[in-house]
Protein chains: 2
Amino acid sequence: MVKSKNHPNNRTRERILDKAEALFACKGYHAVSIREITKSAECNVSAVNYYFGNKQNLYCEVFQHRWLPRAKRIHNCFRQLLADKPNCKPNDIVRALAQAFLQGPLTDAERVRHHQLISGEIAQPSQAFNLIAKQALHPLFNSIRGDLNAAMSEIFGDDQLTLSIFSIFAMILHFNFARHLITSLSGHQYDTDFKNRLVDHIVEFSMFGLIGKNGEDWNASTT
Amino acid sequence: MVKSKNHPNNRTRERILDKAEALFACKGYHAVSIREITKSAECNVSAVNYYFGNKQNLYCEVFQHRWLPRAKRIHNCFRQLLADKPNCKPNDIVRALAQAFLQGPLTDAERVRHHQLISGEIAQPSQAFNLIAKQALHPLFNSIRGDLNAAMSEIFGDDQLTLSIFSIFAMILHFNFARHLITSLSGHQYDTDFKNRLVDHIVEFSMFGLIGKNGEDWNASTT
DNA sequence: TTGAATTTCAAACGTTTGTTTGATACGAAC
DNA sequence: GTTCGTATCAAACAAACGTTTGAAATTCAA
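Just so you know, the residues in each chain are numbered from 1, in the order the chain's sequence is written. Whichever chain is written first is A, and whichever ligand is written first is 1; the rest continue in order. Local features are withheld for residues below a pLDDT of 70 in this predicted model, meaning they are given only at 70 or higher, and side-chain atom pairs are given and counted only at 80 or more; totals for whole chains, interfaces and linings count all residues. Side-chain measures were taken over the full set of non-hydrogen atoms in the model, leaving aside hydrogen atoms and water.

J.: Where do I start with the overall build of chain A in this structure?
T.: Every helix listed is a DSSP run of H or I at least four residues long, and every strand listed is a run of E at least two residues long, numbered separately from the N terminus. A tally of helices and strands in chain A yields ten helices and zero strands. Listing the helices and strands of chain A from first to last along the sequence gives α-α-α-α-α-α-α-α-α-α. Projected onto its principal axes, the C-alpha coordinates of chain A cover approximately 70 × 40 × 35 Å. For the exposure calls, accessible area comes from a 1.4 Å probe over protein chains only, and a residue counts as buried if that area is under 20% of its type's maximum, exposed if over 50%, partly exposed in between. Classification of the 223 residues of chain A by burial places 54% in the buried group. Any two residues whose heavy atoms approach within 4.5 Å at even a single point are treated as in contact. Here the contacts in chain A between residues at least 6 apart in sequence split such that 67% fall between residues at least 24 apart. For chain A, the accessible surface area stands at approximately 10500 Å², while carbon and sulfur atoms represent 48% of it. His residues and chain termini do not enter the charge count, which takes Lys and Arg as positive and Asp and Glu as negative. Note on charges: their place is set at NZ of Lys, CZ of Arg, CG of Asp or CD of Glu. Counting 26 positive and 21 negative side-chain charges, chain A places the centres of these two groups 11 Å from one another. A 1.4 Å probe and the Shrake-Rupley method give the accessible areas. Residues count as covered only by the protein chains that appear here.

J.: I keep staring at the relation of the copies chain A and chain B and nothing clicks. Help me out?
T.: Between the two copies of the chain lies a relationship made up of a rotation around an axis and a movement along it. Overlaying chain A with chain B gives an RMSD of 0.0 Å, the required rotation being 180° about an axis along which the chain moves by 0.0 Å. Such a combination of turn and shift is consistent with a two-fold rotation axis. Looking at the interface residues of chain A, 100% of them are also at the interface in chain B, so both copies use one shared face. When the copies are overlaid, the least-squares fit takes in C-alpha atoms only where the residue has pLDDT of at least 70 in both copies.

J.: Please explain the interface of chain A and chain B as it appears in this structure.
T.: Bring the parts together and some accessible area is lost; that lost area is often taken as the interface size. Facing 68 residues of chain A, the contacting portion of chain B comprises 68 residues. Take a side-chain nitrogen of Lys or Arg and a carboxyl oxygen of Asp or Glu: if they are within 4 Å of each other, that pair is a salt bridge. Linking chain A with chain B are two salt bridges. As used in this structure description, the phrase polar contact means that two N or O atoms lie within 3.5 Å; if the pair is within protein, one of them must be able to donate a hydrogen and the other to accept it, and residues adjacent in sequence are counted only when both atoms belong to side chains. Between the two partners, chain A and chain B, sit 16 residue pairs in polar contact (both at pLDDT 80 or more). Sorting the residues of the side of chain A that touches chain B by element identifies α1 (11-27), α5 (90-102), α6 (108-123), α7 (127-151), α8 (158-177), α9 (179-186) and α10 (192-208) of chain A as the ones contributing at least two each. The element contributing the most residues to the side of chain A that touches chain B is α8(A), with 14 residues.

J.: What's the story with the side chain of H115(B) in this structure? I'm lost.
T.: Residue and element names in this part refer to chain B. Among the structural elements, H115 can be located in helix α6 (residues 108-123). Since its relative accessible area comes to 2%, H115 is described here as buried. Side-chain polar atoms of H115 contact the backbone oxygen of R111, separated by 2.9 Å. In this view, H115 contacts F101, L173, N176 and F177; residues no more than four positions away in its chain are not counted.

J.: When you look at the domain arrangement of chain A in this model, what are you seeing that I'm missing?
T.: All names here are of chain A. Here the bounds of each domain stem from an automatic or database domain assignment. Assigned domains of chain A: these are domain 1 (1-53) and domain 2 (59-211). If you average the C-alpha positions of domain 1 and of domain 2, the two centres end up 29 Å apart. On the domain 2 side, the residues contacting the twelve residues of domain 1 number ten residues. A combined buried area of about 1000 Å² lies between domain 1 and domain 2, and 61% of that area is made up of carbon and sulfur atoms. Buried area: the accessible surface (1.4 Å probe) lost by two parts on joining, summed over both. It is L17, E21 and A25 that lose the most area in domain 1 upon contact with domain 2, and together they represent 53% of the buried surface on that side. Summed over the shared surface of domain 1 and domain 2, the number is five salt bridges. E61 is the partner of R13 in a salt bridge, and the nearest nitrogen-oxygen pair spans 3.3 Å. Under the scheme applied here, ten amino acids are nonpolar (Ala, Val, Leu, Ile, Met, Phe, Trp, Tyr, Cys and Pro), four are charged (Asp, Glu, Lys and Arg), and all others, including Gly, are polar. Its residues assigned to classes, the side of domain 1 that touches domain 2 comprises eight nonpolar, no polar and four charged.

J.: How do you make sense of the pattern of salt bridges when you look at a structure like this?
T.: Two side chains with opposite charge may pair up if their charged atoms get near one another. For the structure shown, the criterion picks out 30 salt bridges over all chains. As a salt-bridge pair, D108(B) and R179(B) come within 2.8 Å of each other at their nearest N and O atoms. Taken as a pair, D108(B) in helix α6 and R179(B) in helix α9 (residues 179-186) lie far apart in primary sequence, 71 residues in all. Members of the salt-bridge network, linked through shared partners, are E21(A), R70(A), R73(A), E110(A) and R113(A).

J.: For this particular structure, what's the right way to read helix α4 (residues 55-83) of chain A?
T.: Since the α-helix advances by 3.6 residues per turn, residues separated by three or four positions end up pointing in the same direction. Residue and element names in this part refer to chain A. To estimate the expected span of a helix, subtract one from its residue number and multiply by 1.5 Å. In this model, α4 (29 residues) spans 41 Å end to end at C-alpha, consistent with the 42 Å of a helix rising 1.5 Å per residue. Note on bend: at a given residue it equals the angle between the axes fitted to the 7 residues ending there and to the 7 starting there. Of all the bends found along α4, the most pronounced is centred on W67 and spans about 35°, while P69, a proline, follows it within four residues. In this structure N54 caps α4, since a side-chain oxygen of it lies 3.4 Å from the backbone nitrogen of Q56.

J.: Looking at this structure, I do not really get the packing of α1(A) against α4(A). What am I missing?
T.: Two quantities define a packed helix pair, namely the angle between the helix axes and the distance between the axes. Residues and elements named next belong to chain A. The convention used is that axes are lines fitted to C-alpha atoms, helices contributing only their stretch in contact, and that angles between N-to-C directions extend from 0 to 180 degrees. Packing of α1 against α4 leaves a shortest axis separation of 9 Å and a crossing angle of 90°. The orientation of α1 relative to α4 falls into the category roughly perpendicular. On α4, the residues touching R13, E14, I16, L17, D18, A20, E21 and F24 of α1 are K55, L58, Y59, E61, V62, H65, R66, W67 and R70. Residues of the contact of α1 with α4, tallied by class, amount to eight nonpolar, one polar and eight charged. Note on angle classes: values under 35 degrees are labelled roughly parallel, values over 145 roughly antiparallel, values of 65 to 115 roughly perpendicular, and the remainder oblique.

J.: Would you take a moment to explain the environment of Y50(B) for this structure?
T.: Topologically, Y50(B) is positioned in helix α3 (residues 46-52). With a relative accessible area of 44%, Y50(B) lands in the partly exposed category.

In structure tokens form, the structure reads like this:
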């Protein structure tokens, strides 16, 4: 009956989106109940169905109205960092990317939420995956692809460039969403110092690998 | 009452473990019901509580009796590949690792299950995380750390080595559990050719980064 | 063949789930 | 002050959930 209504910017609606996002991020879709969300948002159980129709749709609208805007803020931060460097080299691009994702405009709590949500969709894609793939992942991927392609003086195969971008993203995502494992194995907390260290590492490893900046030119052993 | 019983190797028990693992892997813990598992295993609902006490414990025993043995097979494959190469260099180590995880002893279906399960635990650690951290992740990490340390002629800081290993693992895990995203962005299916390509890429990128094997020695632009 | 232990089963347990209902409260327009 | 569209609420809904029960099968040693 109220199906076509939009309920734009209603207070309760916004509170539900906030709390739902936090809960979905840290426990996963099926582990969170509507009652848990509405109790956290201090409203009635039926508010979810009133404003969003059903639970599944609430989950999608969390991605639409919370996750995507944040992804755009990160993307803009990345572009801004690049704009400050005309004639940028590949290492500038990787650094801007790592900074945008690890130290960018988000608070650390937002960053954790952001990457928990996307890691869930990457591991087990749902309806929301198509949304963020089309609106965030594909555009960002193509954007970086173009930048890197222009910045690389060497001739780079299409596939080689694609796989390299995947690898850089693998690191950035992994250092964000595998925090527990990384803390457990390395002993480092995710403080400012460590995140600086991570950005430097991602740039150097992406550029020079294990060989390192001043690396010797050893020959590979017999294959 | 039957609490201390072990029910070793019972047929029904094994079938439940098999089906539970497959379902937990592809839908996640909370999205799978006991009835779904027992229907798939063609036994009575109460069999889960009879053999495993409760759902949570079944989940843990899946990791104990299915996931861990597979992790050990991968680890053994890795060690075997290294044993065939005396005086191995870092690129041999990375190649052995990538091969063990992407082409190793598992069937492809097993590999997908394996990485879906661990990606769930990495993103949102549960009881099972401590088990696999202690019995698989820490040992493998330390093992690789020792190998790489011995193979690197250059002096490598402790942290630098640690972060490099994380990065290599980030790639290997990412290329395994983000299959949907990677297929969506690159157009590649996970056939034999593509997996060969991935192993080669992981080795080259881990060794030389974007610069590549025959890379020029450009200078970084001004920081 | 007997009898005790183990395994399977249908049925039910009390909760919790997502969703719906119908009544009440609110807020602006007339 | 009345009216009307919107928002909130307690209460209830059927369905599904994890778990328990107690009685039938089944197994197997004596």
